[in-house]
Every structure is written in C-alpha cells, then in structure tokens.
Amino acid sequence: MSGNKSGHIPLRVLVVEDDQDLNRQLVDALSGAGYAVDSASDGEEGYFLGDTEPYDLVILDIGLPKMDGISILEQWRRSDRKMPVIILTARDRWSDKVQGIDAGADDYLAKPFHMEELLARARAQMRRASGHASSEIECGSVRLDTKSARVTCDGTQIKLTSHEYRLLAYLMHHNGRVVSRTELVEHLYDQDFDRDSNTIEVFIGRLRKKIPTDVIETVRGLGYRMSCGGGDEA
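Residues numbered from 1 in each chain as written. Predicted model: local features only at pLDDT ≥ 70, side-chain atom pairs only at ≥ 80, totals over all residues. Heavy atoms only, no water.

**Some details on the pairing of strand E5 (residues 107-110)**
Line of reasoning, step 1. Every second residue of E5 is oriented toward a common face, the buried set being Asp107 and Leu109 and the non-buried set Tyr108 and Ala110.
Line of reasoning, step 2. Looking at chain direction, strand E4 (residues 85-89) and E5 are connected through 4 bridges and run parallel. For threonine 89, the partnering residue across the bridge sits in E5 and is alanine 110. (Buried < 20%, exposed > 50% of the residue type's maximum accessible area, 1.4 Å probe, protein only. Helix = DSSP H or I, 4+ residues; strand = E, 2+ residues; numbered from the N terminus. Pairing = 2+ DSSP bridges.)

Spelled out as structure tokens, the structure:
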C-alpha cells in the first residue's frame with residue numbers, strides 16, 4: 001500500500017495490475033499527484049478491494065491472474081459499483097477496447113502509455129463523477145484549481161499543506177452536501193490510516209484559519225458542508 005504526497009485531486013484510487021514494475025510506477029505516480037492509493041497484483045484481490053472499499057477511481061488491467069479484468073468489471077457493475085474505471089490493456093485490438101467499454105469501463109489506455117496521459121484521464125474521470133466539467137471549482141470567494149493544485153481566496157493564493165488541500169478539495173467537489181467524518185477518512189486516506197485519530201478535526205480547524213470561517217459549516221452530529229453562500233455553523 002502507498003501513502004499520500006502533495007498533489008492534485010484528493011481522492012482514493014485502486015490500482016489492479018499484475019506487472020510489479022508497472023504497478024509500482026502507477027502507485028508512485030498517483031501518490032505523487034496527491035491521491036490515496038491502494039494496489040492489488042491479482043484479479044481476486046482487486047475484485048475484493050473494489051467490492052468492499054469506497055474508491056473514487058480504479059485503474060484496472062485486463063490481463064490479470066486468478067480473475068480477468070473484464071469479469072471483475074462486469075461483477076462490480078452488476079453489484080451497482082459505480083466508481084469510474086480506466087482499463088489497461090497490452091492488446092491494442094479494437095475488440096478488447098469495445099469489450100471493456102461494454103463491460104462498464106469509463107475509459108481505456110493501451111500499453112505502453114505516458115504516465116502524464118493516465119493522470120490527465122484520471123483527473124477528467126473524477127471531475128465527471130463529481131459533476132464538474134472544469135478543472136476549477138468555486139465556493140464563494142474560494143477558488144480551487146485541481147490541475148495546478150492551487151487555491152485562492154479573493155484572488156490571493158492560499159498556502160495549504162497537502163492534507164489541508166486534500167480535505168478542502170473533497171468538500172468542494174461535494175459542495176452543498178453534508179460529508180461525514182467517516183466518509184472523509186475513507187476517501188482521503190489509504191487502508192493503513194488510523195481511522196480513530198482526530199486528524200480530520202485538526203485539519204478543519206487549520207483550514208478555517210486560512211479561508212473565511214463560515215465557508216466550512218459544521219452540521220452537528222453529521223459532519224461538514226461547504227456553505228458557498230456563507231452562513232452560521234449549525
């Protein structure tokens with residue numbers, strides 16, 4: 001499993017790839033772009049993780065041992081698992097791409113590929129999944145650019161740590177909806193994170209010192225909500 005580093009969109013990704021070198025390269029690139037990344041090297045483990053954990057994106061190889069990628073994807077979709085899936089294939093035949101798309105894939109890449117292209121496609125899939133066509137999201141005076149990982153308030157850039165950025169961006173991607181502490185932990189951190197810690201509360205407090213205090217609303221007993229029109233805490 002891989003941890004978190006600085007980067008772009010603060011969401012949770014599963015990599016299912018049996019080539020150990022490529023698996024490691026994918027995990028490193030995605031972690032470096034700010035994602036919380038879990039990985040699996042065979043189809044059975046990949047299927048189980050995708051079926052039981054709340055991922056925001058899956059990078060799924062087609063040619064896997066124990067269970068192939070198409071079968072995994074078909075079973076996830078039958079179980080109403082709706083996370084975006086980008087399939088990887090070493091076979092550049094159009095029939096493999098069609099089969100993957102028909103099974104429920106949202107995008108595909110044929111090996112070999114440039115890692116920057118995969119990262120761009122990942123950003124695009126997560127924007128679409130959260131209902132944002134642009135890389136820029138606004139909430140009142142706060143503007144976040146997921147491509148450059150830049151946050152401004154009234155046009156002035158705000159310096160955030162990677163964890164502060166991840167938390168703010170997740171809330172802004174789900175603007176107007178109450179997001180529970182449990183959901184934040186599940187989507188912002190990999191499996192190794194201590195889910196009983198008060199990390200979320202600490203980062204919420206830090207964010208409120210850097211952006212207008214009424215932008216992040218506390219909904220007592222439920223969680224937090226971006227309040228783009230301003231307002232008092234609940």
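**Focus on the sheet that holds strand E1 (residues 12-16)**
Line of reasoning, step 1. The strand order across the open sheet built from 5 strands is E2-E1-E3-E4-E5, with neighbouring strands paired in parallel fashion. This sheet does not close on itself; its edge strands, each paired only once, are strand E2 (36-40) and E5. Sheet twist, expressed as the average angle between the axes of neighbouring strands with direction ignored, equals 15°.
Line of reasoning, step 2. Bridge count for E1 against strand E3 (residues 57-61) is 4 bridges, and the pairing is parallel. Each bridged residue has a counterpart across the sheet, and for leucine 14 the counterpart in E3 is valine 58.
Line of reasoning, step 3. Along the sheet face, helix H3 (residues 69-78) touches E1, E3 and E4 and points at about 150° away from the line of E3. (Axes fitted to C-alpha atoms, helices over the stretch in contact; angles between N-to-C directions. Contact = heavy atoms within 4.5 Å.)

**As for the environment of glycine 205**
Line of reasoning, step 1. For glycine 205, the position within the fold is in helix H8 (residues 199-210).
Line of reasoning, step 2. By relative accessible area, glycine 205 is classed as partly exposed at 29%.
Line of reasoning, step 3. Expressed as a C-alpha distance, the spacing of glycine 205 and isoleucine 216, which sit 11 residues apart in the sequence, is 9.7 Å.

**A look at helix H1 (residues 20-32)**
Side chains of residues three or four places apart in an α-helix project in the same direction, reflecting 3.6 residues per turn.
Line of reasoning, step 1. Relative to the 18 Å expected for 13 residues at 1.5 Å per residue, H1 spans 18 Å between its end C-alpha atoms, a close match to the ideal helical length.
Line of reasoning, step 2. Along H1, the residues classified as buried are Leu22, Asn23, Leu26, Val27, Ala29, Leu30 and Ser31.
Line of reasoning, step 3. Summarising the contacts, the buried residues of H1 are in contact with E1, E2, E3, E4 and helix H5 (115-129).
Line of reasoning, step 4. Capping the start of H1 is the job of one residue whose side-chain oxygen sits 3.0 Å from the backbone nitrogen of aspartate 21: aspartate 19.
Line of reasoning, step 5. Just beyond H1, the residue with positive phi is glycine 34, at close to 100°. (Expected span 1.5 Å × (residues − 1). Polar contact = N/O pair within 3.5 Å; in protein donor to acceptor, adjacent residues only side chain to side chain.)

**A closer look at unusual backbone geometry**
Line of reasoning, step 1. Look at the link from lysine 111 to proline 112: it is a cis peptide, with omega at -5°.
Line of reasoning, step 2. Inspection of the secondary structure assignment puts proline 112 in the loop between E5 and H5.
Line of reasoning, step 3. In the Ramachandran plot, lysine 66 falls in the positive-phi region, its phi being about 75° despite a non-glycine side chain.
Line of reasoning, step 4. Inspection of the secondary structure puts lysine 66 in the loop between E3 and H3.
Line of reasoning, step 5. In this structure lysine 66 comes out as exposed when scored by relative accessible area, which is 63%.
Line of reasoning, step 6. Phi angles above zero are rare outside glycine, and aspartate 80 is one such case at about 65°.

**Comments concerning the nonpolar core**
Line of reasoning, step 1. Counting 48 residues, the largest nonpolar core has Leu30, Ile59, Leu118, Leu168, Leu171 and Leu184 as its most contacted members.
Line of reasoning, step 2. Counting residues per element, this core draws most heavily on helix H6 (residues 162-173), which supplies 7 residues.
Line of reasoning, step 3. In terms of nonpolar packing, the next biggest core, distinct from the first, is built from 20 residues, Met67, Ile72, Met83 and Ala105 among them. (Core = buried A, V, L, I, M, F, W, Y, C linked by side-chain atoms within 4.5 Å.)

**Section: the confidence of the model for the protein**
Line of reasoning, step 1. When pLDDT is averaged across the protein, the result is 85; 87% of the residues are at 70 or more.
Line of reasoning, step 2. In this model, residues 230-234 is a region of pLDDT below 50 whose contacts with residues beyond four sequence positions or in other chains number 10 contacts. (pLDDT = per-residue confidence, 0-100.)

**Description of the pairing of E3**
Sheet faces and side chains relate simply in a regular strand, where the side chains alternate between the two faces.
Line of reasoning, step 1. Counting buried residues in E3 gives 5 out of 5 residues, a clear majority hidden from the surface.
Line of reasoning, step 2. Burial along E3 is two-sided: Leu57, Ile59 and Asp61 and Val58 and Leu60, pointing in opposite directions, are all buried.
Line of reasoning, step 3. As defined by bridge partners, E3 adjoins E4 across 4 bridges and the pair is classed as parallel. Bridge assignment links aspartate 61 to a residue of E4, and that residue is leucine 88.
Line of reasoning, step 4. Following the backbone out of E3, through H3 and into the adjacent parallel E4, one traces a crossover that is right-handed. (Right-handed = clockwise from strand over helix to strand, strands pointing away.)

**Quick word on the sheet that holds strand E9 (residues 156-158)**
Line of reasoning, step 1. The strand order across the open sheet formed by 4 strands is E6-E7-E8-E9, and the pairing between neighbours is antiparallel. Strands with a single pairing partner mark the edges of an open sheet, and in this sheet they are strand E6 (136-139) and E9. Across the sheet, the axes of successive neighbouring strands diverge by a mean angle of 30°, strand direction being ignored.
Line of reasoning, step 2. As paired elements, strand E8 (residues 150-153) and E9 share 3 bridges and run antiparallel to each other.

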